[in-house]
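Residue-level structure breakdown
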Amino acid sequence: MRKVVHDVLIMGSGLAGLRAAVEISMRSRGAANIGIVSKVQIMRSHSVCAEGGTGAVMRPEEGDSLELHAWDTVKGSDFLADQDVVDRFVQASPNEIRLLEHWGVPWSRREDGRIMQRPFGGHSFPRACMAADKTGFFEMQALYDTLLKYTNFKRYDECFVTSLALEGGRVAGLTAYDLGGGEFMLLQAKALLIASGGLGNLYGFTTYSQTVTGDGQAMAYRAGLALEDPEFLQFHPTGLVPSGILMTEGCRGEGGYLRNRDGERFMGKYAPKMMELAPRDIVSRSETTEILEGRGYPGPGGLDYVHLDLTHLGAERINKRLPLIREVCMNFLGIDPITQKIPIRPVAHYSMGGIEADIDGRSKMENLWVAGEAACHSLHGANRLGCNSTAECLVWGGITGGEIARYLQLDPALSAAPEAALREEESRVFGDMLQRSGPENPAKIRRELQVLMDQHAGVYRDGESLQQGLQKVGELKQRFGQITIHDKSRVYNTDLTQALETENMLDLAEALLAAALARKESRGAHSRLDFPKRDDGHFLGHTIVHRTGSAPKIEYKPVRITNWEPVERKY
Ligand SMILES: Cc1cc2nc3c(=O)[nH]c(=O)nc-3n(C[C@H](O)[C@H](O)[C@H](O)COP(=O)(O)OP(=O)(O)OC[C@H]3O[C@@H](n4cnc5c(N)ncnc54)[C@H](O)[C@@H]3O)c2cc1C
């Protein structure tokens, strides 16, 4: 087993991980020794796919305000966001936009030369700062470029983390499978940041890259930490049929319409004021209702759809502001959005829940922080507003980076390597998992899991179907004990890493379904047909899920309300 030691390890090189690495480097003046671990090449993290924009208040003189951004976020969250967290977020995000400006993001500009902002769902002011529709790509480039000014970090690309190594209630480091070298590794550190992204691949119809499988959440859950609010899974209203590729909310921000098969702009019935720019939970439910009531089009494999119509926007606007959307439509479907309508339907897109963390991004373990989509800082509550996620990654990348730099100044001790646990983990991966020889195919189990989640934990849910989903996950877990991985080699064994991912996904699916079953109300993205109303009396609280030997243990903790008492949510 190869062992390496750093001051701090960052698991994940997306926006959150890179932003934290830059902050730690700046604060320590390049002294802190950082290891950045990523299961893909560092710049292939899903963050490069972010399209539409990053939210921040940049125009107080034109009528926007921090208070308005906070209110939009709290209302969007269906009052499940912690309001002190929201305040901190809206105050910090404008500075992140300015930092990225200095670090080289080519923000789209207005005629007067100032940063352009477009309207986004649920925001009452245009707040999405963008670089055309390739925002994440440019943000990642700028962050990595900035990090390259320092020499204090080492990259571990294509290095698959399998578990948190624990010693005396602290994190001693990470265990990992180095794909290129074919070795098992212990990466030791005094402090750790998990910034390992979301879990969109729990679903079959998703906007997410194949690699987004919730590994960080699953290993924290196995290590005894809680998952918070996992039932709140966001469905984005415009996933391209049949691939699921995201048609950014920027399409509607630029003025795009949603139409049913009668050509009607149906959002007028559901959100007469905000129309297509209502929050995502509401637009996704409206589309699903249109489809269920027969006003959609039949699609391949049951993927019935409605239309996203950009044809009235004109070629110039589409080419300038939505070039990627046009390219994707032409390459994947052979249609040109300048003249043709785009087939879309709700698609699994974002996990509001994650590893429980406090306002500083610190977990319940003293030397472990979490940031980005893997974390739940309770910013988004039951429904995230578009363009608030990349902003969250930047803000909490910065906050956790700062906290970790401060912690390192206290000169904490390096925990000893937990030798027995390490041998056990190595034998779980290279012994048990790789050597199992049963009749089951792990890829088939993964696919069945995705189909099951699409069916049982979609836009609309009910108790009976959630219960059936849980039972099916239980069966898949049993079957997973009987898999065979046919490739037995150690170098670049992607069959092995995909099996490890699937095992993680099974745990997370179980937690999501159990939390959804327990929440007998409808709030934000969690919409129960058998409990159609929000129930503040019983459920104005964050779900906290712990792993046990049997069923997940579910508890609730209060929402922090500082400014706004919950009221009915209308758009
Ligand atoms: C198509 C698309 C478009 C989007 N557009 C927008 C937008 O316009 N605006 C917005 O605000 N939000 C948008 N989002 C959401 C937002 O982009 C993501 O929530 C955010 O980028 C997540 O960043 P992250 O840093 O948390 O993780 P990611 O960027 O997902 O990075 C995760 C990192 O963790 C690493 N990792 C994971 N597991 C392991 C493991 N086992 N071992 C080692 N490394 C591991 C990965 O290699 C990767 O480096 C979009 C999302 C998608 C999918």
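Residues numbered from 1 in each chain as written. Predicted model: local features only at pLDDT ≥ 70, side-chain atom pairs only at ≥ 80, totals over all residues. Heavy atoms only, no water.

1. What to know about the site of the ligand
As a structural note, the neighbourhood of the ligand is formed by 38 residues, with Ser45, His46, Ser47, Glu373 and Thr390 the closest of them. Taking Gly52, its main chain carries an N or O atom lying 2.7 Å from an oxygen atom of the ligand. Summarising the interface, the protein chains cover 97% of the accessible area of the ligand, which totals 1000 Å² for the free molecule. Looking at the shell around the ligand, the elements that each hand over two or more residues are helix 1 (15-27), strand 7 (159-167), strand 14 (342-351) and helix 11 (388-409). (Near = heavy atom within 4 Å. Polar contact = N/O pair within 3.5 Å; in protein donor to acceptor, adjacent residues only side chain to side chain. Areas by Shrake-Rupley, 256 points an atom, 1.4 Å probe, with all protein chains shown as cover. Helix = DSSP H or I, 4+ residues; strand = E, 2+ residues; numbered from the N terminus.)

2. A few points about the state of the cysteines
By the definition in use, this model includes zero disulfides. Here Cys49 is not cross-linked by a disulfide; its sulfur's nearest cysteine counterpart is in Cys393, at 13 Å. Assessed through its relative accessible area of 35%, Cys49 is described here as partly exposed. With no disulfide of its own, Cys251 lies closest to Cys329 among cysteine sulfurs, the gap being 7.6 Å. (Disulfide = S-S within 2.5 Å. Buried < 20%, exposed > 50% of the residue type's maximum accessible area, 1.4 Å probe, protein only.)

3. Focus: the packing of helix 1 against helix 3 (residues 83-103)
Interaxial distance between helix 1 and helix 3 falls to 14 Å at its minimum, and their mutual angle equals 80°. With respect to helix 3, the element helix 1 is oriented roughly perpendicular. Within the contact between the two elements, helix 1 uses Arg19, Val22 and Met26 and helix 3 uses Glu96, Leu99 and Trp103. Tallied by class, residues from the contact of helix 1 with helix 3 come to four nonpolar, no polar and two charged. (Axes fitted to C-alpha atoms, helices over the stretch in contact; angles between N-to-C directions. Parallel < 35°, antiparallel > 145°, perpendicular 65-115°, else oblique. Contact = heavy atoms within 4.5 Å. Nonpolar A, V, L, I, M, F, W, Y, C, P; charged D, E, K, R; others polar.)

4. Side note on unusual backbone geometry
Leaving glycine out, the prevailing phi sign among residues is negative, and the prevailing peptide bond configuration is trans. Here the bond from Val241 into Pro242 is cis, since omega is 5°, no more than 30 degrees from zero. Within the element layout of this structure, Pro242 appears in the loop between strand 11 (233-240) and helix 6 (250-253). Unlike most non-glycine residues, Arg29 shows phi in positive territory, near 50°. Relative to the elements of secondary structure, Arg29 occurs in the loop between helix 1 and strand 2 (34-37). Relative accessible area serves as the criterion here: at 77%, Arg29 is assigned to the exposed category. Its identity is not glycine, yet Met275 carries a phi of approximately 50°, on the positive side. Relative to the assigned elements, Met275 resides in the loop between helix 7 (267-270) and helix 8 (280-292).

5. Comments concerning the pattern of salt bridges
Tallied over the full model, the rule gives 60 salt bridges. In this structure, Asp78 engages Arg569 in a salt bridge whose closest nitrogen and oxygen atoms are separated by 3.7 Å. With Asp78 in the loop between helix 2 (66-76) and helix 3 and Arg569 in the segment after strand 21 (553-558), this pair connects stretches of sequence that are 491 residues apart. Here Asp78 falls in the buried class, since its relative accessible area comes to 7%. One continuous salt-bridge network, built from bridges that share partners, spans Asp78, Glu231, Asp281, Arg285, Arg519, Glu521, Arg523, Arg534, Asp536 and Arg569. (Salt bridge = Lys/Arg side-chain N within 4 Å of Asp/Glu carboxyl O.)

6. Thoughts on the sheet that holds strand 12 (residues 257-259)
Read from one edge to the other, the open sheet built from four strands follows the order 11-14-13-12, with strand pairing classed as antiparallel. The outermost strands of the open sheet, each flanked by one partner alone, are strand 11 and strand 12. Across the sheet, the mean angle separating the axes of adjacent strands is 45° when strand polarity is ignored. Contacting strand 11, strand 12, strand 13 (306-309) and strand 14, helix 8 crosses the sheet at an angle of about 60° to strand 11. (Pairing = 2+ DSSP bridges.)

7. Considering the sheet that holds strand 17 (residues 375-376)
Read from one edge of the open sheet, five strands run 17-15-10-20-21, paired in mixed fashion. Whereas interior strands pair on both sides, the edge strands pair on one side only; in this sheet they are strand 17 and strand 21. In this sheet, strand 21 lies alongside strand 20 (residues 541-546) in antiparallel orientation, the contact comprising six bridges. Across the sheet, residue Val545 finds its bridge partner in strand 21, namely Ile554. With respect to the sheet, helix 5 (residues 215-222) is in contact with strand 10 (227-228), strand 15 (354-356) and strand 20, its orientation differing from that of strand 15 by roughly 35°. Contacts from helix 15 (residues 494-518) reach strand 10, strand 20 and strand 21, with the element oriented near 60° to strand 21.

8. Focus: the nonpolar core
Counting residues in each nonpolar core, the largest one holds 53 residues, and the members touching the most others are Leu143, Leu147, Leu193, Trp396 and Ile404. Mapped by element, the contributors of at least two residues to this core are strand 1 (2-11), helix 1, strand 2, helix 2, helix 3, helix 4 (135-147), strand 9 (183-194) and helix 11. With nine residues, the top contributor of residues to this core is helix 11. Those residues in contact with Ile404, other than ones at most four positions away along the chain, are Val8, Ile24, Ala191, Leu192, Leu193 and Trp369. Among the nonpolar cores identified, the runner-up in size contains 45 residues, and Phe184, Ile483, Ala499 and Ala511 belong to it. (Core = buried A, V, L, I, M, F, W, Y, C linked by side-chain atoms within 4.5 Å.)

9. Looking at helix 11
The end-to-end C-alpha distance of helix 11 is 31 Å, a good match for the 32 Å that 22 residues give at a rise of 1.5 Å each. Of all 22 residues in helix 11, 20 are buried; the element is thus mostly enclosed. Backbone geometry just after helix 11 places Asp411 at a positive phi near 55°. (Expected span 1.5 Å × (residues − 1).)

10. Thoughts on the packing of aromatic side chains
Considering all chains together, one arrives at eleven aromatic pairs under this definition. Judged by centre distance (5.3 Å) and plane angle (15°), the ring pair of Tyr297 and Tyr305 falls under stacked. Judged by relative accessible area, which is 21%, Tyr297 ranks as partly exposed. Its relative accessible area of 17% is what places Tyr305 among the buried residues. With a centroid separation of 5.8 Å and an interplanar angle of 80°, the aromatic rings of Phe539 and Tyr556 are classed as edge-to-face. Separated by 17 residues along the polypeptide, Phe539 in helix 16 (residues 536-539) and Tyr556 in strand 21 bring together distant segments of the chain. An aromatic cluster is defined as three or more aromatic residues linked by ring pairs; in this entry it consists of Trp71, Phe79 and Trp564. One cation-aromatic arrangement involves Lys75 over Tyr571; the distance from NZ or CZ to the ring centre is 4.1 Å. Sitting above the plane of the Tyr350 ring, Arg384 keeps its charged end 4.0 Å from the centroid. (Phe/Tyr/Trp six-rings, centres within 6.5 Å; stacked < 30°, edge-to-face > 60°. Lys NZ or Arg CZ within 6 Å of the ring centre and 35° of its normal.)

11. Some details on the side chain of Thr288
Inspection of the secondary structure puts Thr288 in helix 8. Setting aside anything within four residues of it in sequence, one finds Thr288 in contact with Pro346, Val459 and Tyr460.

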